[in-house]
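Descriptive analysis of the structure
The residues making up each chain are set out below.
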Amino acid sequence: MRVLSLASIAFLAFFLADPAIAQPAKRALLIGIDDYTASTLPAVTGVPHRGWPDLRGGANDVRILTDMLVLRYGFARTNIVTLTNQQATRAAILRTIDEHLVRPTRKGDIVFYYFAGHGAQVPNPASDEPDRRDESIVPADSRRGAPDIRDKELRPLFNRILDRGAHLTLLLDHCHSGSGFRAMPNGARPRGIAPAPPLRDGGNYGPRPDERGALILASTQDLDTAWETLGDDGLMHGAFSWAWICAMRDAVSGEAAQETFLRAQARLRVDRADQAPAMLGNAQARLQPFLGTHRRRERLVIAVERVEDREVILQGGWAHGLTINTKLSPIGDRRSHVTVTRLLGLGRSVARTSASTLRAGALLEVVRWAPTPERPLRVFAPRIAGNVRALAQRFAATTKARWITDPLDATPTHILRPREHGWELLDRNGASIALPSDDVAVAAIARLRASDALFVQLPATETFDGIDGVVRVSDAQAADYLLVGRFDRTRIEYAWIRPHLRDSDRSASGLPPRTRWTSEPMQLRRDLVTLRRIHGWLALTSPPDTPAPYRLTLRDERTKQLVDGPTVVGRRVYSLVLRASRSSPEPLIPRYFYVFVVDSHGNSRLVFPQTGSVENRFPIGDPAATEVLLGRPSAFRITPPFGVDTYFLLSTEEPLPNPAILEWDGVRARRALTATPWSIERITLESVAPVRRRGSAARVAPRRQ
């Protein structure tokens, strides 16, 4: 046996102790562009006009992602470079990728690249893309003539990172389409503009990074639109970026990236059902945790920063999953506790304490999670004091354009909608004209052609205040639903409509694209209460660091195949199957499981167990069981009317005293889930008739054995 010399031992001790050598470096480049005016950049003449509307959330995304990388993923702030707004020129982006991400990277390093801004396409007859268009990102100096940065140009840079054996992750929040409005617009800007001038380039730029082990998270599909949304922090963000930031916060230690992606996808469906994100990468990249390797599951420990007159400042906040009323105790002392009273930001919070001996530097652990405050349903409901019917008749008699009565069924070329003062006319390309009075609005629609199609969004005369969990917003871009009035040549009717959503998008979300048309204010209030009930369940998230031990799926009893897709077939019988999650390599801790279904009418039905908390604790016997078939007692048949259902899997370490509270009104159940570890998962499926006909909302009927 060979004995190491003292010098060798000393060298190894130094090598292992030096974090700069022993630990992989973590580097990030975060780019966020809202300002495309190029007002501080050198002017260039003769640049083709492409629109370049400003955005509102890119710089916010960069700021919050910087903090999340530091607080949750161990990045040093000195290793995070940010380029925002007009800093992010074409030359600066390419130079910074090379200098900060490529050159210093070594084997095993973790490299993260993020872009939030406009995306586009570049027509290229020699492209290897099927549509002969290269995808691109739009730099801040695009208005001054700087060419887009095509994905092919970035490919060699990213491949050099992979050549060095580093772990590369890309998060791209932009779209490749500057298309006009679809259904009811709300003023939100898509993160995409018109195509760039064409070029011819058939060069070989090497393989795609995702084919070589990189993980790519894209906010939307190649030809679709990425949007912005109002985050829970009251700021605008990219809809996918915000969904991913929340998934980063809620992810448990060692969670596979594909499971974190499912968290983000579920949240995005609530905010933007018309936006479908994508994950690209091989199996190894998908099964590794986001921005890291598998590590042992660790409990969350929060340090006390200082104590002032029994008010405690904690070094933990929103990013760590803390919420108001979360309780923590000193490690090893469960008799004392502190209760969070307010959040100071992502990484700090304030709590009150019952312990007079608590000192700065003390370490605390969570002993009781508090539920995340429910985000209210945000609605935009413009009002008018005048005679709406007389105004609608005047509009209808003036225009030569085809009169549209439902923008979800037929997409109009123009929309006339109310503003705070006057009206606004939008065309299919998103261009708008402010119309300061009724007379000016009448004159504007009188100029439309017979080949145009017009929808007039009428304001209401009623208010819809005082509904628990619903807030009226003054900015339509922040709204989950718009109150839309229509005139069908005989009467005025109203409905709550999700912006930018067509009826064909119904299968993507448990929230309906619109409610029924009605002239009754009380019916509109009842519909709003129903929407709030559905939204509350869809937006519900599990406490952080409480991994779901199983995922829910359905099995077709006729084919014995698991459901792999967005639909289930009417009149067929399905069973419930629990599949073990990969979030933790440790043996599963038994929990009680409940499955209930919420349809698009807001009705909730408990599917399993059907009688109390009986025989619903899993796993039984083998703690490593990877699949549990709930079996014939829980089998059910899909019956008419067909539509969209969201299946919820609730797991708790203590049984619910009365599982029937999960039926119909789930508010009480959500308030009860605070004292015990619990988690909730959901899948949204559309039930269709056997002949694939679409219908109204679905009902789940338990099968009679």
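Residues numbered from 1 in each chain as written. Predicted model: local features only at pLDDT ≥ 70, side-chain atom pairs only at ≥ 80, totals over all residues. Heavy atoms only, no water.

Re helix 3 (residues 58–73)
With 16 residues, helix 3 should cover 22 Å at 1.5 Å per step; its first-to-last C-alpha distance of 21 Å lies within 8% of that length. Those residues of helix 3 lying buried are Gly58, Ala59, Asn60, Asp61, Val62, Ile64, Leu65, Thr66, Met68, Leu69 and Tyr73. The first or second residue beyond helix 3 is Gly74, which carries a positive phi of 70°. (Helix = DSSP H or I, 4+ residues; strand = E, 2+ residues; numbered from the N terminus. Expected span 1.5 Å × (residues − 1). Buried < 20%, exposed > 50% of the residue type's maximum accessible area, 1.4 Å probe, protein only.)

Here's the deal with unusual backbone geometry
Following Phe608, the chain continues into Pro609 via a peptide bond in cis, with omega recorded as -10°. Summarising the element assignment, Pro609 is placed in the loop between strand 32 (604–608) and strand 33 (617–618). Even without being glycine, Arg310 reaches a positive phi, approximately 65°. Summarising the element assignment, Arg310 is placed in the loop between strand 12 (301–308) and strand 13 (311–314). With phi around 80°, Arg489 is a residue other than glycine that occupies positive phi space. Mapped onto the elements of the fold, Arg489 is located in the loop between strand 25 (481–487) and strand 26 (492–497).

Considering the nonpolar core
Within the largest apolar cluster, 52 residues are counted, with the highest numbers of intra-cluster contacts made by Phe395, Leu416, Leu454, Trp496, Leu528 and Phe596. Here this core gets 6 residues from one element, more than from any other, and that element is helix 11 (residues 521–538). Residues within four places of Leu528 in sequence aside, it is in contact with Leu377, Val379, Phe464, Ile467, Val470 and Trp496. Met68, Ile80, Leu215 and Trp242 belong to the second-largest nonpolar core, a separate cluster that totals 37 residues. (Core = buried A, V, L, I, M, F, W, Y, C linked by side-chain atoms within 4.5 Å. Contact = heavy atoms within 4.5 Å.)

Observations regarding helix 10 (residues 438–446)
The α-helix winds at 3.6 residues per turn, so residues separated by three or four positions along the chain end up facing the same way. Of all the positions in helix 10, only Ala441, Val442, Ala444 and Ile445 are classed as buried. All buried residues of helix 10 fall inside an arc of 165° around its axis, so they share one side. The secondary structure elements touched by the buried residues of helix 10 are helix 9 (388–398), strand 20 (414–418), strand 21 (423–427), strand 22 (432–435) and strand 23 (453–456). (Arc of directions from axis to C-beta.)

Comments concerning the pattern of salt bridges
Close approach of charged atoms lets side chains of opposite charge pair. The full count for this structure, using the stated rule, is 44 salt bridges. Linking Glu305 and Arg306 is a salt bridge whose minimum nitrogen-to-oxygen distance equals 3.1 Å. What makes Glu305 partly exposed here is its relative accessible area of 27%. Three or more residues joined by partner-sharing salt bridges are found here, namely Arg90, Asp134, Arg150, Lys152, Glu153 and Asp201. (Salt bridge = Lys/Arg side-chain N within 4 Å of Asp/Glu carboxyl O.)

Quick notes on the confidence of the model for the protein
Scored by pLDDT, the protein has a mean of 84; 87% of the residues are at 70 or more. A low-confidence stretch, residues 1–21 (pLDDT under 50), is modelled with 6 contacts involving residues beyond four sequence positions or located in other chains. (pLDDT = per-residue confidence, 0-100.)

Comments concerning the packing of helix 4 (residues 90–102) against helix 5 (residues 151–163)
At a closest axis distance of 10 Å, the pairing of helix 4 and helix 5 adopts a crossing angle of 10°. Comparing the axis directions of helix 4 and helix 5 gives the class roughly parallel. Residues Arg90, Leu94, Ile97, Asp98, Leu101 and Val102 of helix 4 form the contact with helix 5, whose own contacting residues are Glu153, Leu154, Leu157, Phe158, Arg160 and Ile161. (Axes fitted to C-alpha atoms, helices over the stretch in contact; angles between N-to-C directions. Parallel < 35°, antiparallel > 145°, perpendicular 65-115°, else oblique.)

Describing a nonpolar patch on the surface
A contiguous nonpolar patch, built from Val301, Ile331 and Leu363 and spanning about 220 Å² of accessible area, is present on the exposed surface. Structurally, Ile331 can be placed in the loop between strand 14 (327–330) and strand 15 (338–343). Taking the relative accessible area as the measure of exposure, Ile331 reaches 35% and is therefore partly exposed. (Patch = residues over 30% accessible without salt bridge, like charges linked within 9 Å, V, L, I, M, F, W, Y side chains within 5 Å. Areas by Shrake-Rupley, 256 points an atom, 1.4 Å probe, with all protein chains shown as cover.)

Points about the packing of helix 3 against helix 6 (residues 239–250)
Contact geometry for helix 3 and helix 6: axes closest at 11 Å, N-to-C directions at 15°. In terms of their interaxial angle, helix 3 and helix 6 are classed as roughly parallel. For the element pair helix 3 and helix 6, the recorded crossing hand is left-handed. Facing helix 3, whose interface residues are Asp61, Ile64, Leu65, Met68, Leu69, Arg72 and Tyr73, helix 6 presents Ser241, Trp242, Ile245, Met248 and Arg249. The class makeup of the residues in the contact of helix 3 with helix 6 is 8 nonpolar, 1 polar and 3 charged. (Left-handed = near helix turned anticlockwise from the far one by under 90°. Nonpolar A, V, L, I, M, F, W, Y, C, P; charged D, E, K, R; others polar.)

Concerning the environment of Asp34
Tracing the sequence through the fold places Asp34 in the loop between strand 1 (26–32) and helix 3. A residue is classified by how much of its surface remains accessible, and Asp34, at 10% relative accessible area, is buried. Sequence spacing of Asp34 and Gly58 is 24 residues, and the spatial spacing of their C-alpha atoms is 5.5 Å. Once residues within four sequence positions are removed from consideration, Asp34 is found in contact with Asp54, Leu55, Arg56, Gly57, Gly58, Ala59, Asn85 and Glu228. A polar contact is formed between the side chain of Asp34 and the backbone nitrogen of Gly58, at a distance of 2.6 Å. At 3.0 Å, the side chain of Asp34 forms a polar contact with the backbone nitrogen of Ala59. (Polar contact = N/O pair within 3.5 Å; in protein donor to acceptor, adjacent residues only side chain to side chain.)

A short note on the sheet that holds strand 25
Strand pairing in a sheet takes place through backbone hydrogen bonds and is either antiparallel or parallel in direction. Pairing is mixed in the open sheet, where 4 strands are placed in the order 24-18-25-26. Both outer strands of the open sheet, strand 24 (470–472) and strand 26, are each paired with one neighbouring strand and no more. Averaged over all pairs of adjacent strands, the angle between strand axes in this sheet comes to 30°, irrespective of strand direction. For strand 18 (residues 377–380) and strand 25, the ladder comprises 2 bridges, and the chain directions are parallel. Looking at the pairing, Phe380 lines up with Leu482 of strand 25. Lying over the sheet, helix 11 contacts strand 18, strand 24, strand 25 and strand 26, oriented at roughly 10° with respect to strand 26. (Pairing = 2+ DSSP bridges.)

Section: the sheet that holds strand 22
Strand order in the open sheet formed by 5 strands is 19-23-20-21-22, and the pairing between neighbours is mixed. At either margin of the open sheet sits one strand with a lone partner, and together these are strand 19 (402–403) and strand 22. Pairing of strand 19 with strand 23 involves 2 bridges; the strand directions are parallel. Pairing of Arg402 across the sheet is with Ala453, part of strand 23. Contacts between helix 10 and the sheet are confined to strand 20, strand 21, strand 22 and strand 23, with strand 21 contributing the most and set at about 20° to the helix.

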